[in-house]
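# Inside the fold
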Amino acid sequence: MEDSSLLYHVEDTIGTLTINRQRVMNAMDMDSINRLSTLLDEIADTNIRCLVITGAGEKSFVAGADIKEMKDMSRAQGENLSRAGNRVMRKLELFQVPVIAAVNGYALGGGLELALACDIRLASENASFAMPEAKLGIIPGYGGIQRMSRIIGQGRAREMVFTARRFDAREALKWGLVNAVYPLADLMPEALRLAATIAANAPIAIMSAKKIMNESVGLELAAADQLEREAFGNCFGTWDQREAMQAFVEKRKPQPFKG
Ligand code: CAA
């Protein structure tokens, strides 16, 4: 599955999706947002166990929405763009298997919002983050305000949005925005290694855990516990659960998980 603005390939049950608009620092126009949405639908029904998202080249993950396209938009067009962005970010957040953002350079505006909709963020040493919208007369429109506050806390998120300042990978690591920072050459191998570790675990358990983590946001603990109980129960009786526990008892390595 491949078109000009998105590249996609699968190896050993790990999908790699590359935003490929290098000419404009991988800024995503409306067409690439729509293509991303379609691609996520297409790959949702495949047997991948983890998805890695990165940007083409060595400079930029995604430099945000396409400013040249947005420049003359009306109020209604702006709202439509936000709706399309909100939908695709939510689709990514709810994507059934874990998604890792391998942030290989600029993650600005909508690009940072894309990374925030992923489950785990890894960065290269040259990565650079910002919510520069306030310098452009707008606000983050792809759910970034909400997700940023949830991930790094209200105070830091407000600082980022109100100042629109850039911050580097070290600061992102300190704030918990990214889980780890690597030299650029090591970023993709490390992202794929992490993906392989996840992919080797029981797929039904991983998908259930992700679902619960998403669905319990904003719920009271009792309601979240109820969701967890049901999902926990659903894991029992699966081939993977039986085999893994039987192997433990028999002191042997379990056979690979089947999902
Ligand atoms: N939209 C459209 N084109 C972009 C772009 C963007 N977001 N970011 C970069 N480009 C284009 C540049 O216009 C330039 O094109 P030309 O060669 O035709 O002039 C090309 O990419 C290379 O960029 P630069 O020459 O600027 O490269 P640089 O190395 O000097 O700087 C950069 C790189 C820091 C990423 C800089 O381009 C930049 O600041 N880009 C804008 C980033 C931004 O503000 N993003 C937020 C957009 S708003 C948003 O995303 C709203 C939302 O919530 C959805």
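Structural data are supplied above this passage.
First things first, this report covers the structure right here in the doc. (Residues numbered from 1 in each chain as written. Predicted model: local features only at pLDDT ≥ 70, side-chain atom pairs only at ≥ 80, totals over all residues. Heavy atoms only, no water.)

## Overview of the side chain of glutamate 190
Its place among the elements puts glutamate 190 in helix 8 (residues 184-199). Separated by 3.0 Å, the side chains of glutamate 190 and arginine 193 make a polar contact. (Helix = DSSP H or I, 4+ residues; strand = E, 2+ residues; numbered from the N terminus. Polar contact = N/O pair within 3.5 Å; in protein donor to acceptor, adjacent residues only side chain to side chain.)

## Some remarks on the packing of helix 5 (residues 144-152) against helix 6 (residues 154-163)
At a minimum axis separation of 7 Å, helix 5 and helix 6 run at an interaxial angle of 135 degrees. When the axis of helix 5 is compared with that of helix 6, the two are oblique. For the pair helix 5 and helix 6, the crossing hand works out as right-handed. Listed contacts from helix 6 to Ile145, Met148, Ser149 and Ile152 of helix 5 are Gln154, Arg156, Ala157, Met160 and Val161. (Axes fitted to C-alpha atoms, helices over the stretch in contact; angles between N-to-C directions. Parallel < 35°, antiparallel > 145°, perpendicular 65-115°, else oblique. Left-handed = near helix turned anticlockwise from the far one by under 90°. Contact = heavy atoms within 4.5 Å.)

## With respect to the pairing of strand 5 (residues 99-103)
Taking burial as the measure, the 5 residues of strand 5 include 5 buried ones, the bulk of the element. Burial along strand 5 is two-sided: Val99, Ala101 and Val103 and Ile100 and Ala102, pointing in opposite directions, are all buried. As paired strands, strand 3 (residues 50-55) and strand 5 are joined by 4 bridges and run parallel to one another. Counterpart to valine 52 in the pairing with strand 5 is isoleucine 100. (Buried < 20%, exposed > 50% of the residue type's maximum accessible area, 1.4 Å probe, protein only. Pairing = 2+ DSSP bridges.)

## A few points about the environment of isoleucine 14
As for its position among the elements, isoleucine 14 is in strand 2 (residues 14-19). In the structure, isoleucine 14 is positioned 140 residues away from glutamine 154 in sequence and 34 Å away in space, judged by C-alpha atoms.

## A look at the site of the ligand
What surrounds the ligand is a group of 24 residues, the closest being Ala65, Ile67, Gly110, Glu113 and Glu133. Separating a nitrogen atom of the ligand from a backbone N or O atom of alanine 63 is a distance of 2.9 Å. With respect to the ligand, the side chain of lysine 68 contributes an N or O atom lying 3.0 Å from an oxygen atom. Of all the secondary structure elements, the ones that give two or more residues to the shell around the ligand are helix 2 (67-70), strand 6 (106-108) and helix 4 (110-116). (Near = heavy atom within 4 Å.)

## As for the sheet that holds strand 9 (residues 167-168)
Read across the sheet, 4 strands follow the order 4-6-8-9 without closing on themselves; strand pairing throughout is mixed. Looking at strand neighbours, the two that pair on one side only are strand 4 (60-62) and strand 9, the edges of this open sheet. Both strand 4 and strand 6 contribute to a ladder of 2 bridges, which runs parallel. What sits directly across from valine 62, in strand 6, is alanine 107.

## Some details on the nonpolar core
Residues Leu17, Leu51, Ile53, Leu114, Phe129 and Leu177 are the most contacted members of the largest nonpolar core, which totals 49 residues. If sequence neighbours within four positions are ignored, isoleucine 53 has contacts with Leu17, Ile19, Phe61, Leu92, Val99, Ile100, Ala101, Ala102, Leu114 and Cys118. Counting 13 residues, the second-largest nonpolar core is a separate cluster that includes Cys50, Ile100, Ala180 and Ile198. (Core = buried A, V, L, I, M, F, W, Y, C linked by side-chain atoms within 4.5 Å.)

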